[in-house]
Amino acid sequence: MSDLLVILIPVFPLIAVLVNGLLGHRYSTDLAGRIAVGSIGLSFLCAVAVVAGVLSDPAPREVIAYSWIFGGDLHVNFGFLIDPLTAVMLMVVTGVGFLIHVYSVGYMHGEDGFTRFFVYMNLFMVSMLLLVMGNNFLVLFIGWEGVGLCSYLLIGYYFNKVSAAKAATKAFVVNRIGDAGFLLAIFLVFVNFKTLDYLKVFENANRLSVEMATAITLCLLVGAIGKSAQIPLYTWLPDAMEGPTPVSALIHAATMVTAGVYMVVRNHVLFDMAPVSMATVGIIGGLTALFAATIGLVQNDIKRVLAYSTVSQLGYMFLACGVGAYIAAIFHLVTHAFFKALLFLSAGAVIHSLEGEQDIRKMGGLSKKIPITHAVFLIGTLAIAGIPPLAGFWSKDEIMAHAFVHHHYVLYAFAAVGAFLTSFYMFRLTYVTFYGQSRVDPKVEHHIHESPRVMTVPLMILAGLSVLGGFLGVPPEHGWFHGFLESVATPVGAVTHEVDMGTLIGLMAGAIGIALGGWGLAHYLYAIKPGTADAWSERFAGAYRTLLNKYYVDELYDAVIVEPCKRLGRLWDWIDQHVIDRFIRGIDRGADVSAAGVTWTEKHVIYAGLNVIGYANHLAAWSWRKLQTGLVNHYAAVIVIGLFLITHFILVWLTGTSLL
Amino acid sequence: MSSGGFPWLTLVVFLPLLGVAAILLVEEALAKWVALGVSSLVFLVSLPLWILFDESTPAMQFVETHQWIASPSINYAVGVDGISLPLVLLTTLLTPLCVLVSWTAIQTRVREFMISLLVMETATIGVFVSLDFVLFYVFWETMLIPMYLLIGIWGGPNRVYAAIKFFLYTLAGSVLLLVAIIVLYFYAGKESFDILMLSNAEYPAWLQAWLFWAFFAAFAVKVPMFPFHTWLPDAHVEAPTAGSVMLASVLLKLGAYGFLRFSLPMLPNATQQFTSVVLFLSVVAIIYGAYMAFAQADLKKLIAYSSVSHMGFVTLGIFVLNAQGIEGAILQMVNHGITTGALFLCVGIVYERTHSREIADNSGLAASMPVYATFLVIFALSSVGLPGMNSFVGEFFVLLGAFLWSKAVATAAALGVILAAAYILWMLQRVIYGTPAQHMTSKLHDMNWREIGTLAPLAFFVFWIGLYPKPLLDVMHASVDHLVQKQAKVMVVDGGSPVSPQVIAANPSSPKTGDTKADAR
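Quick caveat, the model's predicted, so the values are computed rather than measured.

Participant: Tell me about the overall build of chain A, and name the residues and values.
Facilitator: Secondary structure assignment for chain A yields 27 helices and 2 strands. A total of 660 residues make up chain A; the buried ones form 56% of that total. Here the contacts in chain A between residues at least 6 apart in sequence split such that 79% fall between residues at least 24 apart. Per element, the accessible surface of chain A, about 25,500 Å² overall, is 68% carbon and sulfur.

Participant: How would you sum up unusual backbone geometry? Please name residues and give values.
Facilitator: The linkage connecting A:Pro388 with the following residue, A:Pro389, adopts the cis geometry, with an omega of 5 degrees. In this fold, A:Pro389 is placed in the loop between α16 (371–385) and α17 (391–405). The omega angle of the peptide bond from B:Val223 to B:Pro224 is -15 degrees, so this bond is cis rather than trans. Topologically, B:Pro224 is positioned in the loop between α9 (205–222) and α10 (231–238). Phi is positive for B:Arg109, which is not a glycine, with a value near 50 degrees. For B:Leu321, which is not a glycine, the phi torsion comes out positive at approximately 60 degrees. In this fold, B:Leu321 is placed in the loop between α13 (299–319) and α14 (323–354). On the basis of relative accessible area, B:Leu321 is assigned to the buried category, the value being 3%.

Participant: Describe the pattern of salt bridges, naming the residues involved and giving the relevant values.
Facilitator: Residues and elements named next belong to chain A. Evaluated as defined, the whole model comprises 14 salt bridges over all chains. Among the ionic pairs, Arg-61 bridges to Asp-3, the shortest N-O distance being 3.0 Å. Residue Arg-61 is found in strand β1 (residues 61–71), and its partner Asp-3 is found in helix α1 (residues 2–23); the two are separated by 58 residues along the sequence. By relative accessible area, Asp-3 is classed as partly exposed at 37%. Through salt bridges with shared partners, a single ionic network connects Lys-170, Asp-239 and Arg-304.

Participant: Please give an account of a nonpolar patch on the surface that cites residues and values.
Facilitator: Taken together, A:Ile372, A:Val457, A:Met460, A:Ile461 and A:Leu465 make up a surface patch of nonpolar side chains, about 360 Å² in accessible area. Ranked by residue count, the leading element in the nonpolar patch is helix α20 (residues 453–468) of chain A, at 4 residues.

Participant: Can you tell me about the interface of chain A and chain B, naming the residues and giving the values?
Facilitator: The interface of chain A with chain B comprises 63 residues on the first partner and 72 residues on the second. Where chain A touches chain B, the interface holds 0 salt bridges. Our enumeration of links across chain A and chain B arrives at 6 residue pairs in polar contact (both at pLDDT 80 or more). Elements supplying a minimum of two residues to the side of chain A that touches chain B: β1, α5 (137–155), α6 (162–193), α25 (553–611) and α27 (632–655) of chain A. If you tally residues by element for the side of chain A that touches chain B, the top one is α6(A), at 16 residues. Split into classes, the residues belonging to the side of chain A that touches chain B amount to 41 nonpolar, 10 polar and 12 charged.

Participant: Let's hear about the environment of A:Gly282: which residues, and what values?
Facilitator: Residues and elements named next belong to chain A. Looking at where Gly-282 falls in the secondary structure, it is placed in helix α13 (residues 275–296). For Gly-282 and Phe-124, which are 158 residues apart along the polypeptide, the C-alpha to C-alpha distance reads 29 Å. Contacts of Gly-282, omitting those with residues within four sequence positions, involve Phe-318, Leu-319, Gly-322 and Leu-411.

Participant: Outline the packing of aromatic side chains, supporting the account with residue identities and numerical values.
Facilitator: Residues and elements named next belong to chain B. Across all of its chains, the model carries 65 aromatic pairs over all chains by this definition. Each ring, one from Phe-216 and one from Phe-259, has its centre 5.9 Å from the other, and the planes form 45 degrees; the classification is tilted. Of this pair, Phe-216 sits in helix α9 while Phe-259 sits in helix α11 (residues 241–266), placing them 43 residues apart in sequence. Note on Phe-216: relative accessible area 5%, which makes it buried.

Participant: Any details on α20(A)? Residues and values, ideally.
Facilitator: Residues and elements named next belong to chain A. With 16 residues, α20 should cover 22 Å at 1.5 Å per step; its first-to-last C-alpha distance of 22 Å lies within 8% of that length. Taken together, the buried positions of α20 are Met-455, Thr-456, Pro-458, Leu-459, Leu-462, Ala-463 and Ser-466. The buried side chains of α20 occupy one side of the element, clustering within an arc of 160 degrees when seen end-on. Residues of α20 that are exposed and angled more than 90 degrees away from the buried face: Arg-453 and Leu-468. Of the surrounding secondary structure, the elements contacted by the buried residues of α20 are α3 (84–107), α15 (326–353), α16 and α17.

Reading the values: the criteria
Residues numbered from 1 in each chain as written. Chains lettered and ligands numbered in written order. Predicted model: local features only at pLDDT ≥ 70, side-chain atom pairs only at ≥ 80, totals over all residues. Heavy atoms only, no water. Helix = DSSP H or I, 4+ residues; strand = E, 2+ residues; numbered from the N terminus. Buried < 20%, exposed > 50% of the residue type's maximum accessible area, 1.4 Å probe, protein only. Contact = heavy atoms within 4.5 Å. Areas by Shrake-Rupley, 256 points an atom, 1.4 Å probe, with all protein chains shown as cover. Salt bridge = Lys/Arg side-chain N within 4 Å of Asp/Glu carboxyl O. Patch = residues over 30% accessible without salt bridge, like charges linked within 9 Å, V, L, I, M, F, W, Y side chains within 5 Å. Polar contact = N/O pair within 3.5 Å; in protein donor to acceptor, adjacent residues only side chain to side chain. Nonpolar A, V, L, I, M, F, W, Y, C, P; charged D, E, K, R; others polar. Phe/Tyr/Trp six-rings, centres within 6.5 Å; stacked < 30°, edge-to-face > 60°. Expected span 1.5 Å × (residues − 1). Arc of directions from axis to C-beta.

As far as function goes, none of this settles anything; it's purely spatial.
The structure is reproduced here in structure tokens:
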């Protein structure tokens with residue numbers, strides 16, 4: 001029975017995909033929406049039942065659906081692994097996913113392709129569930145590619161927009177680079193363990209040499225970097241904002257982009273054996289956390305600010321993994337899912353009420369006109385900025401404290417500066433959007449309206465989670481959350497650092513100070529002395545433009561990778577037509593010429609003898625003339641005879657045996 | 001194993017020829033109905049082959065042997081094993097679809113067109129089931145004629161050039177094949193042309209080397225392997241849709257099939273000696289084909305070059321000489337047949353509307369042709385090798401097999417996977433997204449039921465093989481194991497061969513002490 005419940009979790013949305021996909025055009029969009037949302041609701045309920053089972057018995061449990069592929073000594077099942085880590089991910093994916101689906105019914109109301117949207121969304125849920133539930137690397141990989149596909153389809157949802165199509169392609173191709181790394185990691189795992197099942201691999205992990213563990217984990221890391229938009233493969237995520245806003249919330253904030261973090265934690269047994277990989281994870285995370293935050297400072301598109309903030313927050317999760325704070329990484333993953341989904345969805349509500357406007361320079365003063373949206377957005381901002389006691393404070397503080405206590409001072413510094421910037425740009429976003437003078441287009445101004453209940457209720461639930469979610473992990477390092485995940489996410493061979501209370505409280509106070517500092521600066525620049533920010537951006541025009549243009553990384557990649565690729569393709573096309581083809585035709589012609597040579601010999605040498613009889617002239621002329629006709633079969637006959645004779649002579653020469 | 005006496009294979013091979021006779025008797029308007037009926041019947045008749053197939057043995061099944069010519073001993077001998085059966089089924093599946101897609105596209109000489117298609121079916125199935133070398137060669141050469149006609153008569157503006165180029169290239173290869181066959185016959189004792197007997201004979205290493213390259217010339221042109229691929233884009237571009245489908249889905253498989261049926265089992269020493277050369281050419285084909293696909297503005301050329309890249313995976317899988325690689329290669333042959341065939345069908349369907357294969361003329365199709373767009377996206381993603389779809393399983397096996405051989409080779413081939421995503425999605429970006437070209441909008445009506453019926457079966461197989469490939473893999477296991485063990489045996493005897501020891505490790509069942517006689521020199 002409980003096995004069936006596990007299998008049903010991804011099956012419900014799959015049924016919805018098939019029903020809506022094949023029959024969706026026959027009934028109303030209302031019904032299609034209900035089927036889509038209902039299927040996620042049902043899988044949420046199944047997930048709750050399964051998680052309840054895990055709470056009472058946290059031992060890992062495998063559920064095999066069927067035998068998928070085997071060949072040689074490779075045997076892969078379509079199977080699921082249920083353990084506390086999966087349980088946490090299941091709650092996030094189905095819970096937050098359900099709220100976003102409900103919200104989407106309101107947000108997408110009246111759009112063309114409403115049913116198509118939900119088919120893609122449900123397909124995404126299927127893939128994401130496979131990703132977090134799989135009991136082996138290959139099922140994870142199906143989910144991994146599946147979420148990438150749905151991300152591709154949903155980014156390109158507005159298919160008549162060329163920018164959307166480009167962003168979709170970019171997202172998929174950049175992800176593919178990561179996937180190739182992941183694939184190589186899978187092969188390395190198979191070569192070393194002759195299996196792809198997690199449990200068997202982790203059991204025998206101590207068999208690996210440090211070098212091999214490093215190779216495997218670095219390949220895995222390449223995959224994780226692509227999916228979770230870390231340096232240097234982060235550029236697709238900001239462009240992915242071309243998709244509808246619920247997509248940004250579900251895929252590009254709460255779930256898919258965290259898959260890399262999940263994957264690293266899932267494989268922490270391997271990462272623990274490879275200090276080099278761990279250091280790489282930490283450095284990439286720290287750099288990304290800081291780097292993306294600096295870009296977020298100056299962006300003017302409400303969704304792009306949030307996108308860079310997502311990249312940056314994912315950097316914190318990687319940083320946490322890199323210093324061995326796996327539980328903190330997952331903790332931040334959970335709280336981030338709450339508050340980032342909340343921020344995106346309320347940004348969506350803002351955009352919705354402004355009839356599609358995304359530029360914050362054309363907003364302002366919205367707090368009174370859309371009070372609910374304002375309230376929940378503010379809660380999201382407080383949570384991400386790290387203001388206690390909201391969710392983001394606890395998880396981010398834990399990551400920073402862990403880095404400090406374990407002597408990763410440089411990473412701590414990166415995280416601290418990043419936290420200050422995060423607080424600043426998020427409050428900047430809030431101030432510019434909701435306070436001050438309205439800069440809204442007068443034509444839009446009198447249409448501004450609060451969103452319908454179907455959108456605001458999910459927002460309020462997410463706001464509640466963003467306020468309270470952090471208490472799962474209180475007190476730091478010893479909360480309920482830590483107890484629950486201890487069996488699956490404790491670093492192998494970890495040394496417990498007992499730290500005195502004073503240091504911890506000091507670090508906490510520091511984190512609060514940093515968050516408040518960022519808020520204060522934003523308050524000064526955008527409430528007390530508006531205009532200062534513009535003056536600063538003029539004074540530091542070079543720096544400002546560099547940030548505004550995202551350090552020109554996109555341009556760099558275009559010039560160094562994309563364009564040369566296309567040019568190389570065209571060059572090879574030319575070579576193919578003018579060199580290789582000509583070369584091969586040259587061989588043909590060579591064959592023709594040699595055939596002609598044989599014929600010449602025939603005519604002038606062999607038939608010369610026959611001439612005496614008198615037939616020869618006639619025959620030779622006949623064969624010569626025929627040769628000129630260009631008939632394929634005649635060429636062929638000559639070639640056959642020629643080759644046969646050559647082979648014959650070679651054989652006679654080599655072996656003395658005759659064929660004839 | 002015998003089939004209980006009923007001559008299933010003969011029926012499958014020659015039923016299309018009966019159809020030809022029927023087409024000659026009915027009036028022209030009925031020709032396509034007869035062709036559709038007969039080819040569908042052939043498909044149905046081929047299903048018992050699969051159902052009755054015994055998966056536990058590598059031996060030939062449904063064998064029929066009748067004397068054809070007494071001296072020299074040439075027989076009509078047919079049979080299938082786990083390597084040829086999937087390819088026979090692929091052929092019988094695709095032929096009715098080729099008839100369907102030509103329903104309205106072919107307006108002139110319909111009778112002759114359908115006859116060509118059916119003759120082609122007989123010839124290709126004949127090649128896959130022949131157990132006698134002469135019979136094989138007869139079918140092998142017969143096949144060229146209908147294909148030559150399909151391109152040369154119903155093709156595009158430059159059809160004559162393309163047809164002759166196709167004919168010359170493949171013929172040049174196959175004459176060497178003929179020479180090799182004759183040499184084999186004489187060396188094995190002039191007793192028979194029986195393929196199995198010739199496979200079990202042993203040939204000295206120096207002769208194997210010569211024969212290997214003779215076979216290689218025939219098969220590499222057919223695959224086509226880099227640098228013998230230049231006939232392919234021309235042939236595809238000029239061929240009518242059904243011709244392209246048959247060419248890509250079935251004809252290209254003959255080359256790879258030849259490697260598996262002849263080069264590997266008959267010339268094991270030479271195979272191992274030269275495998276790195278072939279692997280190198282395969283990897284070059286994978287990457288080169290992908291880059292070429294990037295540069296194309298013509299949809300058919302793009303898919304043609306993607307074929308070069310995908311067939312590179314097939315030859316890669318074959319010549320890594322382990323079970324994963326070869327099973328992946330066979331699966332990939334079927335997958336390529338389904339996916340690339342479907343992509344050519346898609347191009348044909350849109351060409352019927354816009355009369356252009358230029359990507360620029362066929363843009364923004366999602367808005368006006370949503371059903372078409374859905375199918376195109378499915379097949380394009382299958383071509384990219386998305387998990388859950390057919391090509392993924394095949395590519396995964398091939399790459400895994402390659403990885404067991406050499407990490408560098410697999411890494412380079414994995415680059416092809418990235419490039420495939422790039423050129424296919426770039427194509428989709430331009431064809432599906434955006435707004436239609438102004439002068440085309442009125443022509444872009446969505447697919448009708450006949451066209452949906454052409455693509456739907458292939459879409460079904462895309463997902464079936466992707467999600468539950470077991471039935472297909474089960475068919476191959478015994479035959480592939482047999483093939484791999486034969487290689488492993490030679491390898492153990494040879495000792496100093498350039499084969500990575502991991503290949504043996506990957507086949508724990510391979511005997512540790514081989515037959516010393518294999519080392520003839």
